[in-house]
Amino acid sequence: MDAKQNLFFVPILLFFLCFSTTCHFSFGADSISAYRSLSGDRTIVSSGGNFELGFFKPGKLSKYYIGMWFKKVSAQTVVWVANREKPVTDKYSSELKLVDGNLVLYEKGTEIWSTDTKLKSSSVVAVLLDEGNLVLRNGSSNTTVWQSWDYPTDTWFPGGYLSYDKRTNRTQIPTSWKNSEDPAPGLYTLEIDPIGHQFLIRWNRSRQIWTSGAWNGQIFTNVPEIASGSIFNFTYISNNHGDYLTYFFANSSAYIISRSVMDYNGQIKQFGWLPDQQKWSLFWSEPNTQCQVNAYCGAYGVCNDIFSPLCNCLPGFKSRFEKSWTSGDYSGGCQRYMELESGNAYTTGRKADIFQIHSHMKWPDNPQAFSAVNAERCKSNCLSNISCTAYAYYEKACFTWNGDLFNMQQLSVDDSNGRVIYIRIHSSGSSKNNKGIIYGVVGGSIAILSVLLLIAFRRHKSGIATVIERAAEGTMVAFGYKDLQTATKNFSEMLGKGGFGSVYKGTLPDSTVIAVKKLEGVSQGEKQFRNEISTIGNIQHINLVHLRGFCSQGNKKLLVYEYASNGSLDSHLFNPKKDESILPWTRRYEIALGTARGLVYLHENCRDCIIHCDIKPENILLDSFMCPKVADFGLAKLVGRNFSRVLTTMRGTRGYLAPEWISGGAITAKADVYSFGMMLFEFVSGRRNSEQTRDGKVNFFPAIAANVIMGRGDILTILDPNLNQVADVEEVTNICRVACWCIQENEHVRPTMSQIVQILEGVVDVDMPPDPRGLQVFIDNEDDIVFFTDKASSSNLHIQSDPAWASSFVEEQYTNKKTQGSKIQECESD
Ligand code: ATP
Ligand code: MG
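Let us look at the structure shown here. (Residues numbered from 1 in each chain as written. Chains lettered and ligands numbered in written order. Predicted model: local features only at pLDDT ≥ 70, side-chain atom pairs only at ≥ 80, totals over all residues. Heavy atoms only, no water.)

Details of the overall build of the protein
When helices and strands are tallied, the protein shows 19 helices and 45 strands. Look at the contacts in the protein between residues 6 or more apart in sequence, and 56% of them connect residues 24 or more apart. Total accessible area on the protein is roughly 36,800 Å²; 50% of this is exposed by carbon and sulfur atoms. (Helix = DSSP H or I, 4+ residues; strand = E, 2+ residues; numbered from the N terminus. Contact = heavy atoms within 4.5 Å. Areas by Shrake-Rupley, 256 points an atom, 1.4 Å probe, with all protein chains shown as cover.)

The following block contains the structure:
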């Protein structure tokens, strides 16, 4: 047999041997073995078809890398790169192969990259696993001798880890790409911090620019949304060996394909793949906005979060690395056209440096503050110190900056955080003798001025392309009315109408589908409206509908939301369309849990806590994965006093209203708990809680369910008949019990939303609830389902069906609450 025949027969022989003995070799299309290497277009694919490994080319240049990408994602998304610092120029004359137990990349016989395992063994195979891990296994012992998860590129996989080994001092640190076309290590690293028990983003392996906050056993304190009640399950282990952090997806149905990336722009981003839209959806990122990333625009660069380019050089400065700057890598910053005068201009006889004024700026980092009688003194103080590069005079104090200026931001004209600052430049910065400088100053001024103008006129039509581009990145956007008119084809496709206005479907030019809500009756002033909007827009959680932007032009107030393709829960629960299947019990349970998690976030975890005040199935939207998202949070406060009108005139809402709305008690988060409980009953029955029977009687389901829960009947008899009794009895019992606790008249007895989550997660048991008082009344009183307790005789239930009365009552409540200064009053109008 010659060598060629050998190559052919040996794998076949081994193949048969594998069946006759316990053999751990894998010679399928998922592995590289002594007999199978990668070259040219050849790739290997993990056994379940999740990942592919082979040569790829990230940019236009002929630079090839060995990389791993998602096989099931149409837009090639690389998650790991082997030779990230040393590309090859020709993939056909390059080969990735196993040599003496090492995986080595050669180009024309020269070694480019290697796993550098010290083991000399011919029985090693490289297998691509379905989790996105390339492992080298020693066939003789079936031990893993090397794995790509120990050498992450920029992606942190579910199941992968960040770690620090005390004994070896080894760390796993995903490091950003240099830019979108260069996988070489960039400026940002994602690291575990064994001292603070947290994870953090570092810039340039030195300065810490963002931290998750310490792990308290359940959440990271600065980002509770990613651990508690979210789609992630984190595990943080700290022991004698070191620290170790990993995560998994809590809900396997949501975002089946997903990735966490340390992005080259300095943000950690979590994406989920939307198969029906064939695109990645960004659902979490930190720091929140691009301008919050430390030194994003480098020295003397000015950041703005609204229009592109995101960075501009100050007048009198030009980009230090023109090519990277134009390709979007701003980290090199800007440099002066002309250096500052050294020495005192008075003694040298040369012209002193001048200062250029900049308004609406976020100041650079690290000012030094001292008192000065006036601005002129402050200026001369700066001028006399050659290292002083800027000054500001604010509230009778002088602020000066020494050395390079970082983290300046151009704010919009109506942003109250904007301040004036004077930047020092060479006097010829405004001289007519130096063309270069003139261009620099004028060009820079124009760039910054245009940013200001664009911000001021951001609702103007010309801004739409960039505006929409930013919308896609998850930043809150101010849309022009015309933009939304175009996106919704003149508001032609109405999705529904509620108490706050009508909702229309729309599509942005980048194909993102949106839902636009035209608000009616907003009584707030412009500034307050914008403040509220920015609070709502900053709230991001997988179980909350994301507010992408807004429009505020005179009395035209519109909100732009992410679109939930499966509509609202009421239609699935109460009126499934002909072609829709009945919501199975397991799905109902998942939706209940997801909704509860969204509410926990609103009540307890987000920075400005919010009481929803209008929980009902119409406000639980379902995305393409049937993942629930709570809608319309924050609207109670936004529409202010008109909210009482909404509550009392809307059909449907009334049945979910907690008694304290009417009885005069303070409105707390427990009002949402009550509404949530009412809704839970509807998950079980598949119908509205109050239903008129053919003979005119009103059946009040919670009363029926409470009766059964008290041990007076079989739980499955009250289950939605469409489910054909296919449901977990324990789960149904749990939900009914929780619901009974939630609708207790005394709000102090009701559980909190986080207790509810724990019960639904099965972590905590739920006791037998007390009989909810007065429920029987609903069976006996058929006229109306709303119970408004009479203030004069609160022991009796007074059935009140006049919305006008209720409206004035609720308004009175608002006023009372203000004067009484109750503790939690998020639903009130101020
Ligand atoms: P309320 O005004 O009390 O919230 P509502 O929820 O019935 O009552 P709207 O919020 O105006 O009224 O919504 C009307 C309908 O529009 C919803 O029931 C839902 O079906 C649809 N809808 C609203 N927002 C979205 C969205 N982001 N994606 C998809 N459909 C939506
Ligand atoms: Mg709604």
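Some details on the site of ligand 1
Around ligand 1, 21 residues are found, and the nearest of them are K517, D614, K616, N619 and D632. Backbone polar atom of E562 to a nitrogen atom of ligand 1: 2.9 Å apart, as the coordinates give it. For ligand 1, whose free accessible area comes to 600 Å², the fraction covered by protein is 92%. Contributions of two or more residues to the shell around ligand 1 are made by β35 (494-498), β36 (501-507), β37 (513-519) and β39 (556-562). If you tally residues by element for the shell around ligand 1, the top one is β35, at four residues. (Near = heavy atom within 4 Å. Polar contact = N/O pair within 3.5 Å; in protein donor to acceptor, adjacent residues only side chain to side chain.)

Regarding the coordination of the magnesium ion (ligand 2)
Within the first shell, the magnesium ion (ligand 2) binds the protein through N619 (OD1) and D632 (OD), at distances of 1.9 to 2.0 Å. Here D632 lies in the loop between β41 (628-630) and α11 (635-639) and N619 lies in the loop between α10 (585-605) and β40 (620-622), a separation of 13 residues in the sequence. (Donors = N, O, S within 2.8 Å, 3.2 Å for Na, K, Ca; no water.)

Concerning the packing of helix α16 (residues 729-742) against helix α17 (residues 753-761)
At a minimum axis distance of 10 Å, the contact between α16 and α17 shows a crossing angle of 165 degrees. One finds that α16 runs roughly antiparallel with respect to α17. Taken as a pair, α16 and α17 cross one another with a handedness that is right-handed. For the pair α16 and α17, contact is made by N734, I735, V738 and C742 and by I756, I759 and L760, respectively. Of the residues that constitute the contact of α16 with α17, the class distribution is six nonpolar, one polar and no charged. (Axes fitted to C-alpha atoms, helices over the stretch in contact; angles between N-to-C directions. Parallel < 35°, antiparallel > 145°, perpendicular 65-115°, else oblique. Left-handed = near helix turned anticlockwise from the far one by under 90°. Nonpolar A, V, L, I, M, F, W, Y, C, P; charged D, E, K, R; others polar.)

Some words on the pattern of salt bridges
When the charged atoms of two side chains lie near each other, side chains of opposite charge can form a pair. One pass over the full model with this rule turns up 17 salt bridges. With its nearest N and O atoms 3.0 Å apart, the salt bridge here joins R202 to E191. Of this pair, R202 sits in strand β17 (residues 198-203) while E191 sits in strand β16 (residues 182-193), and the two are 11 residues apart along the sequence. Taken together, the shared-partner salt bridges connect E191, R202 and R205 into one network. (Salt bridge = Lys/Arg side-chain N within 4 Å of Asp/Glu carboxyl O.)

A short note on the state of the cysteines
Overall, the coordinates contain five disulfides when judged by the stated rule. In this model, C291 is linked to C303 through a disulfide, with the two sulfur atoms separated by 2.1 Å. Its torsion about the S-S bond being -90 degrees, the disulfide of C291 and C303 is classed as left-handed. Of the two residues, C291 is situated in the loop between β23 (279-286) and β24 (301-303) and C303 in strand β24; the sequence distance between them amounts to 12 residues. Judged by its relative accessible area of 9%, C291 is buried. Each sulfur in the disulfide pair C378 and C398 lies 1.9 Å from the other. Between C378 and C398, the disulfide has an S-S torsion of 80 degrees and is therefore right-handed. Linking C378 in helix α4 (residues 375-383) with C398 in strand β31 (residues 397-402), this pair joins segments that are 20 residues apart in sequence. A relative accessible area of 0% means that C378 is categorised as buried. Note on C398: relative accessible area 0%, which makes it buried. (Disulfide = S-S within 2.5 Å. Buried < 20%, exposed > 50% of the residue type's maximum accessible area, 1.4 Å probe, protein only.)

Thoughts on the packing of aromatic side chains
The relative placement of two aromatic rings is captured by the distance of their centres and the angle of their planes. What the rule picks out here adds up to 38 aromatic pairs. Aromatic side chains F70 and W280 sit 5.3 Å apart centroid to centroid with 55 degrees between the ring planes, which places their arrangement in the tilted category. Taken together, the residues F70 in strand β4 (residues 65-70) and W280 in strand β23 connect sequence positions 210 residues apart. Look at F70 and you get buried, because its relative accessible area is 6%. Where W363 meets W401, the ring centres are 5.3 Å apart and the plane angle is 80 degrees; that geometry is what we call edge-to-face. Taken together, the residues W363 in the loop between β28 (354-362) and β29 (368-371) and W401 in strand β31 connect sequence positions 38 residues apart. (Phe/Tyr/Trp six-rings, centres within 6.5 Å; stacked < 30°, edge-to-face > 60°.)

Looking at unusual backbone geometry
Excluding glycine, residues mostly have negative phi values, and the peptide bonds linking residues are mostly trans. A cis geometry characterises the amide bond from E286 onward to P287, with omega recorded as -15 degrees. Inspection of the secondary structure puts P287 in the loop between β23 and β24. Positive phi, normally seen in glycine, also occurs at H197, with a value near 45 degrees. With respect to the helices, strands and loops of the structure, H197 is situated in the loop between β16 and β17.

Structural notes on α17
In an α-helix, one turn spans 3.6 residues; hence positions three or four apart end up facing the same way. Within α17, the full set of buried residues consists of M753, I756, V757, I759 and L760. One face of α17 carries all of its buried residues, which in axial projection span an arc of 165 degrees. Contacts from the buried residues of α17 go to α10, α14 (669-685) and α16. Looking one or two residues past α17, G762 carries a phi angle of roughly 85 degrees, positive in sign. (Arc of directions from axis to C-beta.)

A closer look at the pairing of strand β7 (residues 102-107)
Regular strands show a simple pattern: their side chains alternate between the two faces of the sheet. Burial analysis of β7 places six of its six residues in the buried class, the great majority of the element. A two-sided burial pattern is seen for β7, the buried positions comprising N102, V104 and Y106 on one face and L103, L105 and E107 on the other. As paired elements, strand β6 (residues 94-99) and β7 share six bridges and run antiparallel to each other. Its bridge partner lying in β7, L96 is registered against L105. (Pairing = 2+ DSSP bridges.)

Focus: α16
Here α16 contains 14 residues, and its C-alpha end-to-end distance of 20 Å stays within 8% of the 20 Å for a straight helix at 1.5 Å per residue. If you check which residues of α16 are buried, you get V732, N734, I735, C736, V738, A739, C740, W741 and C742. Elements that come into contact with the buried residues of α16 comprise α10, α14, α15 (701-709) and α17. Structurally, the start of α16 carries an N-cap: the backbone nitrogen of E730 is 2.9 Å from a side-chain oxygen of D728. (Expected span 1.5 Å × (residues − 1).)

Observations regarding the sheet that holds β17
Taken in spatial order, the four strands make up an open sheet running β15-β16-β17-β18, and their pairing is antiparallel. Unpaired on one side and paired on the other, β15 (175-179) and β18 (207-211) mark the two borders of the sheet. Sheet twist, expressed as the mean angle between neighbouring strand axes with direction ignored, is 35 degrees. As paired elements, β17 and β18 share four bridges and run antiparallel to each other. Pairing of R202 across the sheet is with Q208, part of β18.

Comments concerning the sheet that holds strand β5 (residues 78-81)
With antiparallel pairing, four strands are arranged side by side in an open sheet as β2-β3-β4-β5. Whereas interior strands pair on both sides, the edge strands pair on one side only; in this sheet they are β2 (44-45) and β5. Sheet topology places strand β3 (residues 51-56) next to β4; six bridges connect them, and they run antiparallel. Across the sheet, F51 pairs through a bridge with F70, a residue of β4.

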